[in-house]
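Structural description and commentary
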Amino acid sequence: MSDMLFKASHLKKSFGETEVLKDITVEVAQGEVVSILGPSGSGKSTFLRCATLLETMDGGSLEYEGKYAVRDEGGKAVYASGDELRKIRQSFGLVFQNFNLFPHYTALKNIMLSPVLTQKRNEEEVRKEAMVLLEKVGLSDKADAYPGQLSGGQKQRVAIARALAMNPKIIFFDEPTSALDPELTAGILRVLKDLAKEKMTMVIVTHEIQFAHDISDRVVFMADGNIIEQGRPQDVIDHPANQRTRDFLNLLTE
Amino acid sequence: MGNKRKKANRLLCLFLAALLAVGFIQQLPSGKGGSTVTAKAEAKESGDTFTVGFDASFPPYGYQDENGEYVGFDLDLAQEVCDRNGWKLVKQPIDWDSKDMELNSGNIDCIWNGFTMNGRENDYTWSTPYVDNSQVVVVPEDSDIQSLSDLEGKIVIVQNDSSALAAFTGDDATEENKELADSFKDLQQVADYNTAFMNMDSGMAEAVCMDIGVAQYQLAQRQGKYRMLDEQVSSEQYGIGFKKGNYELRDQVQKTLNEMEEDGTFDQIAEKWGLTDSVCLADTMTMDFADEKAASSADASSDSTASGAAIAAKGNSGSFGQRCLSICGQLGKGLLATLAIFFLTLLFSLPLGLLVTFVRRSRFKVLQWIARIFISILRGTPLMLQLLVVFYGPAILFGATLSYKWRFIAVIIGFSINYAAYFAEIFRSGIDNVPAGQTEAAQVLGLSRGQTFRHIIFPQMVKRVMPPVTNEVITLVKDTSLAYAIAYTEMFTIAQRIVARDANLMPLFVAGLFYYIFNALVAAVMARLEKKLSYFE
């Protein structure tokens, strides 16, 4: 169990009267690529926000590399101290659906900002690394461009480079292509495939069924705040056991 | 957080004190009879300062000349008194409506400014009368008004809180004068005589009632366009008003004045200012003091002759261009004060506004409400009132003795906290308009709250608030003129004094031009800043 990089157990979350996450348990091993599928409103994004500490969960526990970020104490979610959380945040990265680049910094500065500020690393060294990352996502000529001068696909690639610059153990992707035109989507998916080849641990919330099928080691299907079905993509996507999964997949492939 | 809270508390204390002060000011005796404030024995010694409060728009008694110097008959007398006693004279221009607060708070030692005793006998500790003055009526040359009874059904103007007003409506006004006032179509009050004459020129009023000395000065200035009625409304006397109970200082000044009368110096000074026929110290120097034996009003034989004419002639000399240049030079001195208010207010109010924004956005409900109340009161009450509270508050609430620099400090404090309230709300909306995703991205990247604000939120907020901040800054340029409320001498105050002295409106337009140019510069600078910030979306 302890070789699990990420572990969320019995995660619960309500907004007012609405139970958005009822009982979610997900484990991710080192080097694993997990896709989360499901209709909108199923709780996928909320799960990702709880996992990345942007949203506070009501119950359950959360572990990164065997360290508790959130402990379950008698059904209540108890958060670790601010210092511990700050350390734990270094373990993961998050790529947003709408990028959330900092508009007042160049692409390069967006990538460099946190390693210099929070990891107190040498600026020159970080700059070299950032340039390598930009090259990796195919944007070495856009280092000095401001986000406003980039296309959506380019912005998302900078955002991915920004997450990578922190050297995270695991990266979460929240529908990374749904704000993009189809022709731009392909570029992002290629970057993700490259990362998967490098054995980067990733959790991807997506609607790209074919992509999820190709890239994932495991697919998790969520609906109404519960995990309905999970397993190898060949099983869950090609031969879904659950009626809801079938309905959803039919809807998408029609 | 603790530090922020402490600062917020201190602000609140300051503000509550200000509120209390407002209450106190309302409780102050307005007018005569009610004053119970007693000063402690305050005799002066050689080397002490002697601060004379005067309305700097009251020639020939006290006004500001072309060189920006405060001059006048009363100030010359005060200088002579100080020289003889080894005191250092401080000439402190005051707002006439605030004279009691200035005196009671100890900002000034006396009011020496063509100050009418009649009707105020019990409100101050007085010198004996030294000028015999009367209230007269001035009408346009071609008016058909010949006597007081012709004023029936007419609109008559007096200055706020003036002797003329008291003569018509005061508690001690004679029945005749009250009836006369009732017969007017309206008795209007204006802030200064220049406005009064403007009203008459434009036909909005038919007559102005004022002190005879002032009338003579104004008639000389306005060269034959007006005349004075032979019949007088009342006769009255001028004295030096000290804080009630301050007999020691009064006696010191009176003794010196009497010496000046005996050796002829007093009459020389009177002659210099063309007031020879108005002075009466020779007759009154041995009289009982007014406040000890109320109203010893000798029947004034105010056969007045041209008094202010001599100095009046100087004001309007020179060509138009020369006068413009001269006015610019005089206003230039006030411009420095205006610039000081402007830049110091920005220097303090911008960071203070940011601090208030922090408190307003604090996680603690109590702090949020403190900031809300602070903002609400400062935006909801006139800046002029806030300036008065800051200036007089400490003296009235705590009996604090404040240095003469306090006037300037109070202006800066008043402006800074007022503008901080506006900036706080602008900053708050600027911060709220930065998308939540920015904070979330920063949080996931591990930035602390402080780093997030400094590196992510603040730069984006600055860009967003530029247009509304520009508006406030431009308003501030014009608001600096409000400093006159506590008689701080800045450009507009000086313009008004020149208007009073020269009986000519041009200084106001020149001042307006100065403000316009200043604001054009401000707008240009702000536009450049905005352009600089347009490198990102």
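What you are looking at is a predicted structure, and each value in this text was computed from that prediction instead of being measured.

Scoring rules and cut-offs
Residues numbered from 1 in each chain as written. Chains lettered and ligands numbered in written order. Predicted model: local features only at pLDDT ≥ 70, side-chain atom pairs only at ≥ 80, totals over all residues. Helix = DSSP H or I, 4+ residues; strand = E, 2+ residues; numbered from the N terminus. Buried ≥ 20, exposed ≤ 12 C-beta atoms within 10 Å, placed from the backbone. Contact = placed C-beta atoms within 7 Å. Pairing = 2+ DSSP bridges. Axes fitted to C-alpha atoms, helices over the stretch in contact; angles between N-to-C directions. Domains from an automatic or database assignment. Parallel < 35°, antiparallel > 145°, perpendicular 65-115°, else oblique. Left-handed = near helix turned anticlockwise from the far one by under 90°. Nonpolar A, V, L, I, M, F, W, Y, C, P; charged D, E, K, R; others polar. Arc of directions from axis to C-beta. Core = buried A, V, L, I, M, F, W, Y, C linked by C-beta atoms within 7 Å. Expected span 1.5 Å × (residues − 1).

A word on the overall build of chain B. Looking only at helices and strands, chain B has 19 helices and 13 strands in total. Taken across its 537 residues, chain B has 44% of its residues classed as buried. The long-range share in chain B, meaning contacts at least 24 apart out of those at least 6 apart in sequence, stands at 81%.

Another point: the sheet that holds strand β5 (residues 67-73) of chain A. By definition, the strands of a sheet pair up through backbone hydrogen bonds, in either a parallel or an antiparallel sense. Residue and element names in this part refer to chain A. In space, the five strands of this open sheet follow the order β2-β1-β4-β5-β6, with antiparallel pairing throughout. Pairing within the sheet leaves two strands with one partner each, and these edge strands are β2 (18-29) and β6 (76-79). This sheet shows a mean twist of 20° between the axes of neighbouring strands, independent of strand direction. Pairing between β5 and β6: four bridges, direction antiparallel. Bridge assignment links Asp 72 to a residue of β6, and that residue is Ala 77.

Reports often express the size of an interface as the amount of accessible area lost when the parts come together. Residue and element names in this part refer to chain B. One can read the domain layout of chain B as domain 1 (37-131 + 239-313), domain 2 (142-236) and domain 3 (329-535). Computed over C-alpha atoms only, the centres of domain 1 and domain 3 are separated by 39 Å. Taken residue by residue, the interface counts 15 residues in domain 1 and 17 residues in domain 3. Elements that contribute at least two residues to the side of domain 1 that touches domain 3 include exactly β3 (62-64) and β5 (88-93). Among the elements that make up the side of domain 1 that touches domain 3, the one with the highest residue count is β5 (three residues).

For the rest of this paragraph, the subject is the interface of chain B and chain A. Listed per partner, the contact involves 17 residues of chain B and 20 residues of chain A. Every element with two or more residues in the side of chain B that touches chain A is listed here: α16 (436-444) and α17 (449-479) of chain B.

Our next topic: unusual backbone geometry. For the bond from Pro59(B) to Pro60(B), the omega torsion is 0°, close enough to zero to count as cis. One can find Pro60(B) in the loop between β2 (57-58) and β3. Its identity as a non-glycine residue notwithstanding, Glu65(A) has a phi of 50°, on the positive side. Its location among the elements puts Glu65(A) in the loop between β4 (59-64) and β5.

What follows is about the packing of helix α3 (residues 107-117) of chain A against helix α5 (residues 152-164) of chain A. Residue and element names in this part refer to chain A. Put simply, α3 and α5 touch, their axes get as near as 8 Å, and they point 25° apart. Considering their axes alone, α3 and α5 lie roughly parallel with respect to each other. Relative to α5, the crossing made by α3 is right-handed. Where α3 approaches α5, its residues Ala 107, Asn 110 and Ile 111 are matched on the opposing element by Val 158, Ala 161 and Arg 162.

Residue and element names in this part refer to chain B. Reading across from one edge, β2-β3-β4 is the order of the three strands in this open sheet, with antiparallel pairing throughout. With one partner strand each, in any of the chains shown, β2 and β4 (70-71) form the two edges of the open sheet. With two bridges joining them, β3 and β4 adopt antiparallel strand pairing. From the neighbouring strand, Tyr 63 faces β4, where its bridge partner is Val 71. Helix α18 (residues 491-502) contacts β2 and β3 of the sheet and is inclined by roughly 120° relative to β3.

Let's shift gears to the domain arrangement of chain A. Residues and elements named next belong to chain A. Assigned domains within chain A: domain 1 (4-91 + 169-253) and domain 2 (103-167). Listed per partner, the contact involves nine residues of domain 1 and nine residues of domain 2. Residue contributions to the side of domain 1 that touches domain 2 peak at four residues, all from helix α6 (residues 182-197). For the side of domain 1 that touches domain 2, a count of residues per class yields seven nonpolar, two polar and no charged.

Next up on the list: helix α6 (residues 193-201) of chain B. Residue and element names in this part refer to chain B. What α6 keeps buried is the set Tyr 193, Asn 194, Ala 196, Phe 197 and Met 200. Down the axis of α6, the sector holding all buried residues measures 155°, keeping them to one side. Of the surrounding secondary structure, the elements contacted by the buried residues of α6 are β8 (131-140), β9 (155-159), β10 (186-190), β11 (207-211), α7 (212-221) and α18. Positive backbone phi, approximately 80°, marks Gly 203, located one or two places after α6.

With that out of the way, let us pick up the nonpolar core. The biggest cluster of nonpolar side chains holds 135 residues, and the ones touching the most others in it are Val138(B) and Ile486(B). It is helix α15 (residues 406-432) of chain B that contributes the most residues to this core, 14 residues altogether. Apart from the residues within four sequence positions on either side, Ile486(B) is in contact with Asp95(B), Leu387(B), Leu388(B), Phe391(B), Arg407(B), Ala410(B) and Val411(B). Counting 78 residues, the second largest nonpolar core, distinct from the first, contains Leu53(A), Ala161(A), Met202(A) and Ala441(B).

Right, let's get into helix α8 (residues 247-262) of chain B. All names here are of chain B. Spanning 16 residues, α8 covers 22 Å between terminal C-alpha atoms, matching the ideal 22 Å at 1.5 Å per step. Regarding α8, the residues found buried are Leu 249, Arg 250, Val 253, Gln 254, Leu 257 and Met 260. Projection of α8 onto a plane perpendicular to its axis shows the buried side chains occupying an angular sector of 125°, all on one side. On its buried face, α8 is in contact with α2 (73-85), β7 (125-126), β13 (234-242), α9 (265-272) and α10 (281-284). Looking one or two places after α8, you find Gly 264, whose phi comes out positive at around 90°.

Right, let's talk about the environment of Leu336(B) for a bit. Residue and element names in this part refer to chain B. On the secondary structure map, Leu 336 appears in helix α12 (residues 320-360). In this structure Leu 336 comes out as exposed when scored by C-beta crowding, with 11 C-beta atoms within 10 Å. Separated by 155 residues in the primary sequence, Leu 336 and Met 491 place their C-alpha atoms 8.0 Å from one another.

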